[in-house]
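# Structural features, examined
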Amino acid sequence: MIGKLNHVAIAVPDLEAACITYRDALGASLSQRQELPEHGVTVVFIDLGNTKVELLEPLGENSPIAQFLERNPTGGMHHICYEVPDIRSARDRLLAEGARVLGDGEPKIGAHGKPVLFLHPKDFCGTLVELEEV
Ligand SMILES: CC[C@@H](C(=O)O)C(=O)SCCNC(=O)CCNC(=O)[C@H](O)C(C)(C)COP(=O)(O)OP(=O)(O)OC[C@H]1O[C@@H](n2cnc3c(N)ncnc32)[C@H](O)[C@@H]1OP(=O)(O)O
Ligand SMILES: [Co+2]
């Protein structure tokens, strides 16, 4: 079912500071900032050629990453995103196997304009998994 690694996401308290670290200390080239109120985050992507890093900070009052940052005040690895060819059939198979799909189970459009879903971290080795239909 899962294909390529689309991105690894790092939640940060200060996106500007994280961008400076990645640009100046690691020589990364950064995308423009993208505010995604429907996801409750602002993101910047770093294209690594074979995959991407997604830097994200909370946006708005009810960001889904706010509590994560309370637990990890300097930031941390937040989720991993795998590509799938058909997100609804992947979802249905996962639900049939008893996995928890977060939210209302309907894919949302993610930062790349593609449908995404999230799977509960407790069902996947303590790791928040995002699926993106590519
Ligand atoms: C930019 C758009 C898109 C893209 O295109 O790439 C995105 O990536 S949007 C990214 C932000 N959106 C999301 O993360 C949506 C899915 N996430 C959620 O719904 C929530 O984060 C969550 C997974 C339900 C957790 O929310 P939280 O408020 O932290 O809930 P709890 O405190 O109840 O946590 C339950 C349990 O899970 C542990 N946890 C939480 N987050 C993570 C994590 N990122 N990785 C691993 N484990 C996590 C948390 O510690 C709790 O565990 P226990 O304390 O042991 O109960
Ligand atoms: Co993501």
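- Identification of the protein as methylmalonyl-CoA epimerase from Nitratireductor basaltis is taken from an unreviewed UniProt entry.
- Here the protein is described in UniProt, under the heading Sequence similarities (unreviewed entry), as follows: "Belongs to the methylmalonyl-CoA epimerase family."
- What the UniProt record of the protein gives under Catalytic activity (unreviewed entry) is the line "(R)-methylmalonyl-CoA = (S)-methylmalonyl-CoA".

## Let's talk about the pattern of salt bridges
- As enumerated under the stated definition, the model contains eight salt bridges in all.
- Across the pair glutamate 106 and arginine 88 runs a salt bridge whose closest N-O atoms are separated by 3.3 Å. Of this pair, glutamate 106 sits in the loop between α3 (87-96) and β6 (108-109) while arginine 88 is found in helix α3, placing the two residues 18 residues apart along the sequence.
- A relative accessible area of 40% places glutamate 106 in the partly exposed class.
- The partly exposed category is assigned to arginine 88, whose relative accessible area is 38%.

## With respect to the sheet that holds strand β8 (residues 128-133)
- Taking strand neighbours across the sheet as the criterion, the eight strands line up as β2-β3-β4-β1-β5-β8-β7-β6 in an open arrangement whose pairing is mixed. Either end of the sheet is taken by a strand with one partner, and the two such strands are β2 (34-36) and β6.
- Strand direction decides the pairing type here: β2 and strand β3 (residues 41-47), joined by three bridges, are antiparallel. Bridging from a neighbouring strand, glutamate 35 pairs with threonine 42 of β3.
- Set on the sheet, helix α1 (residues 15-25) makes contact with β1 (5-11), β3 and β4 (52-58); between it and β4 the angle comes to about 155 degrees.

## Comments concerning the site of ligand 1
- Of all residues adjacent to ligand 1, which total 23 residues, the nearest are Glu54, Gln67, Arg71, His78 and Ala111.
- In this structure, alanine 111 approaches ligand 1 through a main-chain N or O atom, which is 2.8 Å from an oxygen atom.
- Protein burial of ligand 1: of its 1100 Å² of free accessible surface, 72% is covered by the chains.
- Secondary structure elements with two or more residues in the shell around ligand 1: β3, β4, α2 (66-71), β5 (76-84) and β8.
- Residue classes in the shell around ligand 1 are distributed as 12 nonpolar, seven polar and four charged.

Criteria and cut-off values
- Residues numbered from 1 in each chain as written.
- Chains lettered and ligands numbered in written order.
- Predicted model: local features only at pLDDT ≥ 70, side-chain atom pairs only at ≥ 80, totals over all residues.
- Heavy atoms only, no water.
- UniProt positions renumbered as here; feature names shortened; annotations may be inferred.
- Salt bridge = Lys/Arg side-chain N within 4 Å of Asp/Glu carboxyl O.
- Helix = DSSP H or I, 4+ residues; strand = E, 2+ residues; numbered from the N terminus.
- Buried < 20%, exposed > 50% of the residue type's maximum accessible area, 1.4 Å probe, protein only.
- Pairing = 2+ DSSP bridges.
- Contact = heavy atoms within 4.5 Å.
- Axes fitted to C-alpha atoms, helices over the stretch in contact; angles between N-to-C directions.
- Near = heavy atom within 4 Å.
- Polar contact = N/O pair within 3.5 Å; in protein donor to acceptor, adjacent residues only side chain to side chain.
- Areas by Shrake-Rupley, 256 points an atom, 1.4 Å probe, with all protein chains shown as cover.
- Nonpolar A, V, L, I, M, F, W, Y, C, P; charged D, E, K, R; others polar.

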